[in-house]
Amino acid sequence: MYCIVDVETTGGVKGPARLTEIALFRFDGREVIDQFHTLLNPGQPIPPFISRLTGISDTMVADAPTFDQVADRVLDITDGAIFVAHN
């Protein structure tokens with residue numbers, strides 16, 4: 001069982017990076033058996049360079065959940081799976 005994860009972040013040039021988007025696909029080797037995707041409110045402004053790079057703006061994440069609000073879902077979908085990630 002694999003869980004393929006892709007995230008977008010605020011970058012890490014000035015201070016810690018925060019997540020702005022997460023997508024997870026649970027894959028059994030033949031097919032996707034579960035998936036989850038959401039924008040995330042990073043709790044800090046997204047730098048202009050990152051907004052241009054990802055297409056994700058402060059406006060888009062203003063009403064999005066924070067990571068702690070989706071963490072249980074992330075744990076559920078990744079539980080017992082090999083974690084394959086890309087940023």
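The structure under discussion appears in the preceding block.
These numbers were taken from a predicted model, which means no experiment stands behind them.

(A) A look at the environment of I77. Along the polypeptide, I77 turns up in helix α3 (residues 67-78). A relative accessible area of 1% means that I77 is categorised as buried. Once the C-alpha coordinates of I77 and C3 are considered, the two residues, 74 residues apart in sequence, prove to be 7.3 Å apart. Not counting residues up to four positions away in its chain, the partners in contact with I77 are C3, L24, R26, D34, Q35 and F36.

(B) Inspection of the pattern of salt bridges at higher detail. Overall, the coordinates contain one salt bridge when judged by the stated rule. Between R73 and D34 there is a salt bridge, and its shortest N-O distance comes to 2.8 Å. Taken together, the residues span a long stretch of sequence, with R73 in helix α3 and D34 in strand β3 (residues 32-39) at a distance of 39 residues.

(C) Up close: the nonpolar core. C3, V5, V7, I22, L24, F36, L40, V70, V74, I77 and A81 form the largest nonpolar core, which has 11 residues in total. Elements with a minimum of two residues in this core: β1 (2-9), β2 (19-27) and α3. In contact with V5, not counting residues within four places along its chain, are I22, A23, L24, F83, V84, A85 and H86. Judged by nonpolar contacts, the second largest core, of five residues, contains I46, I50, I56 and V61.

Cut-offs and rules
Residues numbered from 1 in each chain as written. Predicted model: local features only at pLDDT ≥ 70, side-chain atom pairs only at ≥ 80, totals over all residues. Heavy atoms only, no water. Helix = DSSP H or I, 4+ residues; strand = E, 2+ residues; numbered from the N terminus. Buried < 20%, exposed > 50% of the residue type's maximum accessible area, 1.4 Å probe, protein only. Contact = heavy atoms within 4.5 Å. Salt bridge = Lys/Arg side-chain N within 4 Å of Asp/Glu carboxyl O. Core = buried A, V, L, I, M, F, W, Y, C linked by side-chain atoms within 4.5 Å.

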